Amino acid sequence: MTRSYEGSARVGRVMKSFAAVTLKPEDFSSPVSFQMAISRIYESMMRMMESGGPQHTYMAEVRFNDDMGNTIVFAVDLGPSVPPFSAEKIKARIVVELYEED
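Here is what the cut-offs are and how they apply
Residues numbered from 1 in each chain as written. Predicted model: local features only at pLDDT ≥ 70, side-chain atom pairs only at ≥ 80, totals over all residues. Heavy atoms only, no water. Pairing = 2+ DSSP bridges. Helix = DSSP H or I, 4+ residues; strand = E, 2+ residues; numbered from the N terminus. Buried < 20%, exposed > 50% of the residue type's maximum accessible area, 1.4 Å probe, protein only. Polar contact = N/O pair within 3.5 Å; in protein donor to acceptor, adjacent residues only side chain to side chain. Contact = heavy atoms within 4.5 Å.

An account of the pairing of strand S1 (residues 2-15) is needed here, citing residue identities and associated values.
Bridging between S1 and strand S4 (residues 89-97) involves 9 bridges; their strand directions are antiparallel. Counterpart to Arg-10 in the pairing with S4 is Lys-89. As defined by bridge partners, S1 adjoins strand S2 (residues 56-65) across 8 bridges and the pair is classed as antiparallel. Looking across to S2, one finds that Met-15 is bridged to His-56.

Next up, the structure:
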């Protein structure tokens, strides 16, 4: 069974080593939590510099609404070369295939 959704995507260049750095809502809950988040980012930057500098990749942030009206957001790594799109914001088609394993 297959279901298709229409959504949008925003394409941009990011530093690959920052993919491990995530900010969660609780990182902004207090000054101490925010300081800990900044420290994690700083440590990640230092490891990146020690390992030969930043490596870039292009990512697409894809957004669509599911059948219950929830906004779903996920990322797709497009690789190190410039994607063949003329705009930063593009359309996205998401295909979900449901199947049973044998």
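That was the structure; now back to the text.
With reference to specific residues and values, describe the side chain of Ser-33.
In this structure, Ser-33 sits in helix H1 (residues 31-50). Ser-33 gets classed as buried once you look at its relative accessible area, which sits at 19%. A polar contact is formed between the side chain of Ser-33 and the side chain of Ser-30, at a distance of 3.2 Å. Non-local contacts of Ser-33, meaning those with residues more than four positions away in its chain, are made with Glu-26 and Asp-27.

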